[in-house]
Amino acid sequence: SEDEIEEWQPESKAPKRQQKAQPSEKKPVVKRQAKPKEPKESKPKAPRKPVERKPRAPRAPKAPKPLKAPKPPKEPKPPKVPRATKGGKKQQALAGGGWSEGPSSSHQPYGGKKEEPEEDFAFDEPSLKRQKTSSAPQGRPTRLPTSGRAFGEDLNMNWDLIQLLSERTGVDQWVCLNISQLFKEENTIPFIVRYRKEMINHMDADAVRDVQLVLEEIYALAKKTQTISQTLKKEGVLTAELEQALRNCRTADELDHVYAPYKKGSKLSKACRARQLGLESAAQALLQSPYTLDLRAWVKPGSEGLSTLEEVSTGVVQILADIIAKDGETLTHIRSLCVPHSICSPSPIIVSPKDIDKFHLYCDFTCNVQHIQHHQTLAINRGENLKILTVKVNIPDRVKSDFCRWCLNVRWRPKGYPREELMKILRDAVEDSYKRLLLPLLSRSYRAKLTGSAEKESIAMFVRNLRQRLLVCPVRGRVIMGVDPGFRHGCKLAVLSPTSQILFTDVVYLHGSGGNREADKLRHLMIRYSCNTVVIGNGTACRETEAFFADLISRRFFQPLDVSYCITSEAGASIYSVSPAAVKEMPDLDPNLRSAVSIGRRVQDPLAELVKIDPKHIGIGTYQHDVSQSSLKAALDGVVQECVSFVGVDINICSETLMRHVAGLNTGRAKSIAEWRETNGPFMNRDQLRLVKGLGPKSYQQCAGFIRINPLDHLNNHRSPCSSQRMSSDAAGGNSAQAAQEKPAAKGKGKTKASAAVPTLPNPLDQTCIHPESYAVARSFLSLVGGSVDQMGRPELRQCVEASVKCQGLEALAETLNTTPDTLQLIIDGLTQPPGFDIRQDFEKADFKRGIVSMSDLREGVVLTGRVENATLFGAFVDIGVGRNGLIHKKYITPDKLPADQRRRSLALGPGEKVEVRVLNVDHQRGRIGLDLIRVLR
C-alpha cells in the first residue's frame, strides 16, 4: 500500500500528502477544536482540562506522534502508518519479494543525496558522509519493526535517540535505527558490514564505527544526565522545570550550561565566601529592585569581609560575576560574539632551551583557530606538555566591549533606575566575570575543541595507515631469507619455507674483514634451500647490507638462482622477539634470531605476522602518544579485527594469536578452539565449532562466516596446528567431498548434547565466505543454475552463473530464492571465486629490486617512482630507494593528481601505494628530500 511505501520517508512529507489527498479532513479537525466550547458551558471544568494537559506536555517531546491520539474520530489511522506498516515491513523483508523495487520508486531522498558528496573534496577535514558509496542502494529497512522512539525509551530523555543520532552523523534515520538495534544485539562490525549490507545501506566499516562512537556518546550523555538528576534530587533543588531542562539537553555543553548554576565549586571561591557572608540577597536586590538597596546597611564593623562599604561592594561584585558566568544565555551570547571575530592561538613562547630545534616553527607562531591544522594543534600541545612552549588564546577587545554593552543594556539590566554607585558595581561585576571567569572558560573550550578534532583526525589517519599496512598482498610460494642487519653483532639470518616454517638460522658478519667468506656461506645456503628472495630490515646497517647483496647480485654471484631483495619495516620486531607470544612460538631461538624470522614473515604474510605486534609499535601514524589512548586502542583493535575477518583464517593451521582477532572470538575462545584442535584433531566443518567450550550461538554466528575449513588439512593431520603461523587465504582450495546436512546444531552447550546433532563430514561451502545461515539458499541457487558444489571455483560454474544473472537479473533471482540481492551476490562470489582466492591479491605488493640508488644521485626535477611508507596529517613519506624517505607536503596532493575513488579521503594517500614523484629539493645536511606528487600508479 502507499502507506507502507511512504513509511520511511521524512516525517514532514507525510502530513503534506495526507492534506492533499484528504482536504476534507481538515474540517473535522476544526470541529474537534470546537470541543473547548463544552468547558466554556461548565466553567468549573475549565481549570481541570489544563491540569490534564500539563502531564501530557512532558510526554510530547518524548513521543511527538502521540499528539494525534487526542483526536478520537481519527485515532485509528495515524498509528497504523508507523506501527502496522512496520510490522508489515518485517513480513515484506522475510518474504524477500521485490524489496529493491519499492525503494527505487519511493525512496527519493537518497537519489538526491548521491550527487552531493562528489564535489565536497577537502584535504583539511574528513568527509562527513563517508558512508555514502557509489553502490549504495536506495533501500529501506528489512526488519526491526520497533520505532526509534521506543528504542530509546530506556534513556528517559526528551529527545528521540534515532533522530539525534541521524542529525549528528548525517546518516538516514532508518539506517541509524538498524545499526542501533544490531549493536544492541551484540553484532560485530565485520559481521554487520559483510552480512547485513542491506540494513546499513552499504556503509563501510569506518562509517559504521563512527556511528557507533556517536551512539556511545549519546548513551554517556543520558547516563550523565541521570546522575546529575539524582545528585540534585538528593540536595533538594531538583524541580520539575529543571528536570525537564536537563532531559532536553542534546549535547554535553548544553548539559553543563544547565547544571552550572547548581554545581558545587571550590570551597574557597570568592563567590562562595561572599555568599557565606549573606550578601547574595544584596546582589539579587541590585538586579531586581535597586532603588531599595542601601549597601551601608550591610556594613558590620569588626566583621571580616563586611567591615567597610568597599568590602561589601567587592562581595556583591563577586556574587554577580559568578551568576553572570554561569548563565546559559550569557554563555551562548558570548560564544556567538566570538564566532565572527578573529580568535587566534598566538605566540607559543620558548621557556626552555631544551629541544628548541624540534619546536622552532612555533617560537613565534600565530594562527586563527578556524584555520589551524590538526598536526599543528598536536605539536603545540606536545610542546606545552614538555614545558617548552606556553600557549595563549587571544580574543579581540571588541568582543569584550560588545559583551559588556549587551550585559548592561539587555540581559542584566537592573529593573528600575539604579544609582550611579550601583551601576558601577554592576559594570565591575560584568568586567570581572568576563576577565576572571568567562575568558578562561572560552580559552579552555577552544583548546578542547581543537584538541578533540585533531585527535579524531589523527586516529582516523592511523586507522587508514594500519589497514593498508595489514592488507599488503602476501608473497606466496617462495623460500625467503629474512635478514636483521647489524654491525657489531652481525646480521641475523632466517630461512623460511613457503609455509613460514623455520628451515635454518644463523649469524653472518658481512661488514668486517671476512666478507668474502660470509658471501660464500650465503651462496651455499641459498642454493641449498633454493632461496631466491631476500628480505632486509630497514634498521641499523640496512644500507650497507643492501649494498652488499646488490653487489653480489650484480656480479651474478648466486647463479643459477635469480636473486632479488626488498626492504621492509622492522618496527616492532625487537619488541615482539622478547614477548611471551614469541617465546611460546619459538622457545629455542635467540631473541635476535626471532627478529629475523619476524622480518621474513612480514613479507610472506604481513597480516598474520603484524597482528602479533601492538599496532602502536608498527611505525605508522602521527602523534600517537598525544591522543586519547583508550580511543586509539579501540579504533586500532577494531581495524585489526576487520582486516583479519575479511581476509579469513584457516581454523586448522592459524595461530592462536591470529584467531583471537576474528570477529566474535576473544583470547579465551581462541584458546578453547586451539585446545579442542589439539585434542580432537582438525575441524572437519564449521558446525564442529559448536562443540567448543565457551562458544555460544551468538559467537558462532559472528565468527562462522570468517572461518575457513580446507579439506586438504584433513590429510595433513600429522602436522601440529600451532606450528604454522601461515594466514589462510579467503578460500583454501582442494577437492570437495559430499556435503553434509547443514542443520543448525542443538542449542545445548554441553559437548554430549551438541555432538549428537553436529555432522562430521566435510562441507565444501566451508571453504567460502558464505555464511552458514545462507547454505540452504546457496544449494537452491546451485540447483537453479544447474551446478553443484563439486564445481565451485571452476570456469564452467562461473559461466552458468553469469548466464543466469544476465538472463533473469539479480533482483529477480533473489526474489525467487526468497533472499536479498546483497546476500545472493555474496553467495555468487563465494561459489565462483577460484580456490585459494585472497582479497589481498588486488592490493599493493612488496617491491623487489637488484640495485640501489644513493641520495647523492638525486637532482632537482628528477622524476622517480616510489612507495608510500607512512601518511601523516601534514603529508606523505615516500620510499624512493635512496635510504631516506622523501616528503610530499599536503599542498602538493591535489584532487587532479588522484584517482576518482581517492578524492574524498582527507589525505588520499596511504602506506603501500605506488606513486610517481618529482624531486623538488634535496637537503644533504639535514637528510631531507622534498617531493611533488605527479600521479598515483595503479
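Residues numbered from 1 in each chain as written. Predicted model: local features only at pLDDT ≥ 70, side-chain atom pairs only at ≥ 80, totals over all residues. Heavy atoms only, no water.

### Observations regarding the sheet that holds strand E2 (residues 491-496)
The condition is simple: At least two bridges found by DSSP between two strands is the condition for calling them paired. Only DSSP runs of H or I covering at least 4 residues are called helices, and only runs of E covering at least 2 are called strands; the numbering of each starts at the N terminus. Here, axes are lines fitted to C-alpha atoms. For helices the fit covers the stretch in contact, and angles between N-to-C directions go from 0 to 180 degrees.
A sheet is described by the order of its strands in space; here five strands give the open sequence E3-E2-E1-E4-E5, paired in mixed fashion. The open sheet has two edge strands, strand E3 (502-508) and strand E5 (564-568), and neither has a second partner. In this sheet, adjacent strand axes meet at a mean angle of 20° when their direction is disregarded. The pairing of E2 with E3 spans six bridges and is antiparallel. Along E3, the bridge assignment pairs Leu493 with Asp506.

### Comments concerning the packing of helix H20 (residues 328-338) against helix H23 (residues 420-470)
Inclusion rule: Crossings are classed by handedness, with left-handed meaning an anticlockwise turn of the near helix from the far one by less than a right angle and right-handed meaning a clockwise turn. Residue contacts are counted whenever heavy atoms from the two residues lie within 4.5 Å of one another. Gly is placed with the polar residues, together with every amino acid not listed as nonpolar (Ala, Val, Leu, Ile, Met, Phe, Trp, Tyr, Cys and Pro) or charged (Asp, Glu, Lys and Arg).
In the contact formed by H20 and H23, the axes pass within 12 Å of each other and the chain directions differ by 65°. Between H20 and H23 lies a crossing whose hand is right-handed. Contact with H20, carried on its side by Leu331, Ile334, Arg335 and Cys338, involves Tyr434, Leu438, Leu441, Leu442, Ser445 and Tyr446 of H23 and no other residues of that element. Here the contact of H20 with H23 is composed, by residue class, of eight nonpolar, one polar and one charged.

### So, the sheet that holds strand E12 (residues 928-936)
Sheet strands pair via backbone hydrogen bonds, and the direction of the pair is either parallel or antiparallel. Ordered by their spatial adjacency, five strands build a closed barrel running E8-E9-E10-E12-E11, and the pairing between neighbours is mixed. The average undirected angle you get between the axes of adjacent strands in this sheet is 55°. Direction of pairing for strand E11 (residues 914-923) relative to E12: antiparallel, over a ladder of eight bridges. Its bridge partner lying in E12, Glu916 is registered against Arg935.

### Quick notes on the confidence of the model for the protein chain
Just so we agree on the cut-off: The pLDDT value tells you how sure the predictor is about a given residue, anywhere from 0 up to 100.
Counting all residues, the mean pLDDT for the protein chain is 77, and 75% of those residues have values of 70 or more. Across the protein chain, the secondary-structure element scoring lowest on mean pLDDT is helix H7 (residues 101-106), at 31, and the one scoring highest is helix H12 (residues 189-195), at 95. Considering only residues more than four positions removed or in separate chains, one finds that residues 1-148, a stretch of pLDDT under 50, has 175 contacts. Considering only residues more than four positions removed or in separate chains, one finds that residues 717-754, a stretch of pLDDT under 50, has 108 contacts.

### Observations regarding the pattern of salt bridges
Going by this rule: Here a salt bridge means any side-chain nitrogen of Lys or Arg lying within 4 Å of a carboxyl oxygen belonging to Asp or Glu. Only protein chains enter the calculation, and the probe is 1.4 Å; a residue is then buried if its accessible area is under 20% of its type maximum, exposed if over 50%, and partly exposed in between.
Enumeration over the complete set of coordinates arrives at 44 salt bridges. Notably, a salt bridge pairs Arg427 with Glu420, separated by 2.9 Å at the nearest N-O pair. Accessibility expressed as a relative area gives 53% for Glu420, which makes it exposed. When the shortest N-O distance is used, the salt bridge between Asp932 and Arg918 registers 3.6 Å. Taken together, the residues Asp932 in strand E12 and Arg918 in strand E11 connect sequence positions 14 residues apart. The buried category is assigned to Asp932, whose relative accessible area is 12%. Classification of Arg918 by relative accessible area gives partly exposed; the value is 32%. One continuous salt-bridge network, built from bridges that share partners, spans Asp206, Arg209, Arg467 and Glu642.

### Section: helix H18 (residues 280-288)
Each turn of an α-helix holds 3.6 residues, which means side chains three or four residues apart point in the same direction. Those residues of H18 lying buried are Ala282, Ala283, Ala285, Leu286 and Leu287. Where H18 is buried, its residues touch helix H19 (309-325) and H23.

### What about the packing of aromatic side chains?
The line we're drawing: Each Phe, Tyr or Trp ring (for Trp, its six-membered ring) is paired with any other whose centre lies within 6.5 Å, and the angle between the two planes then decides the class: stacked below 30 degrees, edge-to-face above 60, tilted in between. Two conditions define a charge sitting above a ring: the NZ of Lys or the CZ of Arg must be within 6 Å of the ring centre, and it must be within 35 degrees of the ring normal.
Taken as a whole and judged by the stated rule, the model has ten aromatic pairs. Geometrically, the ring pair formed by Phe548 and Phe549 is edge-to-face, given 6.2 Å between the ring centres and 80° between the ring planes. Note on Phe548: relative accessible area 16%, which makes it buried. With a centroid separation of 6.2 Å and an interplanar angle of 90°, the aromatic rings of Phe874 and Phe877 are classed as edge-to-face. Members of the aromatic cluster, joined through ring pairs, are Phe191, Tyr195, Phe646 and Phe706. When the ring centre of Trp412 is taken as reference, the NZ or CZ atom of Arg411 above it lies at 4.9 Å. Over the ring of Tyr700 we find Arg690, and its NZ or CZ is 4.0 Å from the ring centre.

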